[in-house]
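Below, each chain spelled out in residue letters.
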Amino acid sequence: MKTSNALSLLVAGAFACAPAHAADLAAGKAKAEEICVDCHGDDGKGDDDSPDITLASLSTKEFVQAMQDYQSGKRTKNAKMGRAAKKLTTEDVANVAAYFATLK
């Protein structure tokens, strides 16, 4: 098994085992304001110039998977998104995912 595949499985397993209440919504909001709002807006829905997929429309699981895919290089369609995702730690991803899930 490739190292990147093993790492992806390990990270995915960690998210699957982590309790849902472990996310820090305040930290997720702060990180989203720092990294995400320029493109996706305060509400995660963006505007006419934003990407096709709004963050507020993603489930927590979908958001985490997307960030993992950008971080690993599996997803490469949007270079700016790849750079932004790589700024997030595993904990940041969980927190931001939980925060955007509250905006639905």
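Right above here is the structure, for reference.
Structural notes, computed from the coordinates. (Residues numbered from 1 in each chain as written. Predicted model: local features only at pLDDT ≥ 70, side-chain atom pairs only at ≥ 80, totals over all residues. Heavy atoms only, no water.)

## Things to note about the environment of Cys-39
Phase 1: Mapping Cys-39 onto the fold places it in helix H3 (residues 37-40).
Phase 2: Residue class for Cys-39 comes out partly exposed when judged on its relative accessible area of 25%.
Phase 3: Through-space distance from the C-alpha of Cys-39 to that of Met-81 is 9.3 Å; in sequence the pair is 42 residues apart. (Helix = DSSP H or I, 4+ residues; strand = E, 2+ residues; numbered from the N terminus. Buried < 20%, exposed > 50% of the residue type's maximum accessible area, 1.4 Å probe, protein only.)

## Remarks on the pattern of salt bridges
Phase 1: This model, assessed by the stated rule, comprises three salt bridges.
Phase 2: Between Glu-33 and Lys-29 there is a salt bridge, and its shortest N-O distance comes to 4.0 Å. Note that Glu-33 and Lys-29 are positioned in helix H2 (residues 25-35) at a spacing of four residues, about one turn of the helix. (Salt bridge = Lys/Arg side-chain N within 4 Å of Asp/Glu carboxyl O.)

## Brief notes about the packing of helix H4 (residues 60-72) against helix H6 (residues 90-101)
Phase 1: Interaxial distance between H4 and H6 falls to 9 Å at its minimum, and their mutual angle equals 140°. For the element pair H4 / H6, the angle class is oblique. The handedness of the crossing between H4 and H6 is right-handed. Contacts between H4 and H6 involve Thr-60, Phe-63, Val-64, Met-67 and Gln-71 on the former and, on the latter, Val-93, Val-96, Ala-97, Phe-100 and Ala-101.
Phase 2: For the contact of H4 with H6, the class distribution of residues is eight nonpolar, two polar and no charged. (Axes fitted to C-alpha atoms, helices over the stretch in contact; angles between N-to-C directions. Parallel < 35°, antiparallel > 145°, perpendicular 65-115°, else oblique. Left-handed = near helix turned anticlockwise from the far one by under 90°. Contact = heavy atoms within 4.5 Å. Nonpolar A, V, L, I, M, F, W, Y, C, P; charged D, E, K, R; others polar.)

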